[in-house]
Amino acid sequence: MADTFDLKKDELIARAQGEMQTRLTVPERSLREKVALTCRILFDGGHDSGLAGQITARADEPGRYYTQRLGLGFDEITAENLLLVDEDLRVLEGGGMPNPANRFHSWIYRARPDVNCIIHTHPFHAATLSMLEVPLMVSHMDTCVLYGDCAFLEKWPGVPVGNEEGEIISAALGDKRAILLAHHGLLVAATSVEEACVMALLFERAARMQLAAMAAGTIKPLPEALAAEAHDWILTPRRSQLTFEYYARRTLAARG
């Protein structure tokens, strides 16, 4: 006999989330491995733009984070060639130098103790949307992870290598997990590497969908309460971990 047909939606959601936590497992990966995998996943997801874009992840020590070495593309990043840097971008471990544009990451980390990973990229569709000086519009269930959680910087402050850009971008981000930067690209500031990776992929998908929908007609808004419900349903740590592992398996299989 079925015993769940009388349960309310919130009860079913809680039940499903509990089962995801107890019945589904994810492999143990080091922080360095997660960052390196994210770089490969993003490359495969269309986030490659030469040497533009950065990913950083907080290290255990305050004021330090891991990032990729300038001169390497996302597809070349490994756990071994990552750098450990401080807030002033001084290299503490590894060889070479970080991207000077990482400076605005330091500003975000200072302002947001809840943020443990930042992804900034210039993928084609998000970058194209940024040229229109319009915010990202979330109007589909799949991209509700960004609903009410994506800010917009409508004026380009220039190349983000100065402290001024760090102040501007961190202030515009506020308490959101994502932001579209006009004439620039996307940024995600998340609680974990897995969450940041998944949100960055969905950000580019949302931008692609928005451009296609705008060309076809007028985008209709989602019901606020249902969109917020979908945001919270998608954006749980276990779901982010499971989705990340899917993309990790796919990118590792593609490389043999």
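Residues numbered from 1 in each chain as written. Predicted model: local features only at pLDDT ≥ 70, side-chain atom pairs only at ≥ 80, totals over all residues. Heavy atoms only, no water.

1. Side note on the nonpolar core
Spelled out, the test is: Residues grouped as a nonpolar core are buried Ala, Val, Leu, Ile, Met, Phe, Trp, Tyr and Cys residues, joined through side-chain atoms within 4.5 Å. Per-residue accessibility, obtained with a 1.4 Å probe over protein chains only, is compared with the maximum for each type, and a residue is labelled buried under 20%, exposed over 50%, and partly exposed between these values. To qualify as a helix, a DSSP run of H or I must reach at least 4 residues; to qualify as a strand, a run of E must reach at least 2; elements of each kind are numbered from the N terminus.
Membership of the largest hydrophobic core comes to 43 residues, with the highest contact counts inside it found for Ile119, Leu136, Val145, Leu146, Val188 and Phe203. Sorting elements by how many residues they give to this core places helix H6 (residues 193-216) first, with 11 residues. By size, the runner-up hydrophobic cluster in this structure holds 17 residues, among which are Phe104, Ile118, Leu187 and Ala189.

2. A few points about the pairing of strand S3 (residues 83-86)
Defined as follows: Should DSSP find at least two bridges between two strands, the strands are taken to pair.
Residues of S3 alternate between two faces, with Leu83 and Val85 on one and Leu84 and Asp86 on the opposite face, all of them buried. Counting the residues between successive antiparallel strands, the hairpin from S3 to strand S4 (residues 91-93) contains four residues, one of them, Leu89, with a positive phi of roughly 70 degrees.

3. Comments concerning empty space enclosed by the protein
To keep it simple, the criterion reads: Here a cavity means grid points, on a 1 Å grid over the protein atoms only, where a 1.4 Å probe fits yet cannot get out; a pocket means an open set of points with protein on both sides within 12 Å along at least five of seven lines; lining residues are those with an atom within 4 Å of a point. Grid points are joined across faces, edges and corners, and a volume is the space filled by probe spheres set on the points. Amino acids are sorted into nonpolar (Ala, Val, Leu, Ile, Met, Phe, Trp, Tyr, Cys and Pro), charged (Asp, Glu, Lys and Arg) and polar (every other residue, Gly among them).
Per the counting criterion, the structure on display carries one cavity of 30 Å³ or more. Size it by volume and the largest cavity reaches roughly 40 Å³. Of the residues that constitute the lining of the largest cavity, the class distribution is three nonpolar, four polar and one charged.

4. Focus on the pairing of strand S2 (residues 64-67)
Looking along a regular strand, one sees the side chains alternate between the two faces of the sheet. Bridge analysis of strand S1 (residues 54-58) against S2 gives three bridges, and the strand direction is antiparallel. Considered in S2, the bridge of Ala57 is made with Tyr66. Between S1 and S2, which follow one another and run antiparallel, lie five residues, and Gly63 among them has a positive phi close to 75 degrees. The pairing of S2 with S3 spans four bridges and is classified as antiparallel. Residue pairing in the sheet places Thr67 in a bridge with Leu83 of S3.

5. Comments concerning the pattern of salt bridges
Heads up, the condition is: Whenever Lys or Arg places a side-chain nitrogen within 4 Å of a carboxyl oxygen from Asp or Glu, that contact is recorded as a salt bridge.
Within the structure shown, the criterion is met by 15 salt bridges. Salt-bridge contacts for Arg90 lead to Asp88; the nearest nitrogen and oxygen are separated by 3.2 Å. Each of the salt bridges in this network shares a partner with another, and the network as a whole consists of Arg29, Glu33 and Glu245.

6. Focus: a nonpolar patch on the surface
Quick note on the threshold: Candidate patch residues must exceed 30% relative accessible area and have no salt bridge, after which like charges are joined if within 9 Å and Val, Leu, Ile, Met, Phe, Trp or Tyr side chains if within 5 Å. Surface exposure here means Shrake-Rupley accessible area, sampled with a 1.4 Å probe, where a residue is shielded only by the protein chains that are shown.
Taken together, the side chains of Leu51, Leu70 and Met97 make up a nonpolar region of the molecular surface, amounting to roughly 250 Å² of accessible area. Residue class for Met97 comes out partly exposed when judged on its relative accessible area of 43%.

7. Quick notes on the UniProt feature "domain: Class II aldolase/adducin N-terminal" (unreviewed entry) in the protein chain
To be explicit about the condition: UniProt positions are given in the numbering used here, feature names are shortened, and annotations may be inferred rather than shown by experiment.
Here the UniProt feature "domain: Class II aldolase/adducin N-terminal" (unreviewed entry) sits at residues 33-211. The span residues 33-211 is 32% helix and 20% strand, and its two end C-alpha atoms sit 34 Å from each other.

8. Considering the packing of aromatic side chains
To be explicit about the condition: Any two rings among Phe, Tyr and Trp, with Trp reduced to its six-membered ring, count as a pair given centres within 6.5 Å; such a pair is stacked if its planes are under 30 degrees apart, edge-to-face if over 60, and tilted if neither.
Counted under the stated rule, the structure contains two aromatic pairs. Centroid distance Tyr65 to Tyr109: 5.2 Å. Interplanar angle 40 degrees. Geometry classified as tilted. Here Tyr65 is found in strand S2, whereas its partner Tyr109 is found in helix H3 (residues 103-111), with 44 residues between them in sequence. Grouping residues by exposure puts Tyr65 and Tyr109 together as buried.

9. Remarks on the side chain of Arg29
Here is the rule we go by: Polar contact is defined as a pair of N or O atoms within 3.5 Å, subject to the rule that within protein one atom must be able to donate a hydrogen and the other to accept it, and that residues adjacent in sequence are counted only when both atoms are side-chain atoms. The contact rule is simple, with two residues in contact once any of their heavy atoms fall within 4.5 Å.
Structurally, Arg29 can be placed in the loop between helix H1 (9-23) and helix H2 (31-44). Classification of Arg29 as buried rests on a relative accessible area of 18%. In terms of polar contacts, Arg29 uses its side chain to reach the side chain of Glu245, at 2.9 Å. In this structure Arg29 touches Lys34, Leu37, Phe244, Glu245, Ala248 and Leu252, once residues within four positions along its chain are discounted.

10. Quick notes on the layout of surface pockets
Each pocket or cavity is described by its volume, and for the largest pocket that value is around 700 Å³. Secondary structure elements with two or more residues in the lining of the largest pocket: H1, H6, helix H7 (224-234) and helix H8 (237-254). Ranked by residue count, the leading element in the lining of the largest pocket is H6, at nine residues. Residues that form the lining of the largest pocket fall into these classes: 18 nonpolar, four polar and 10 charged.

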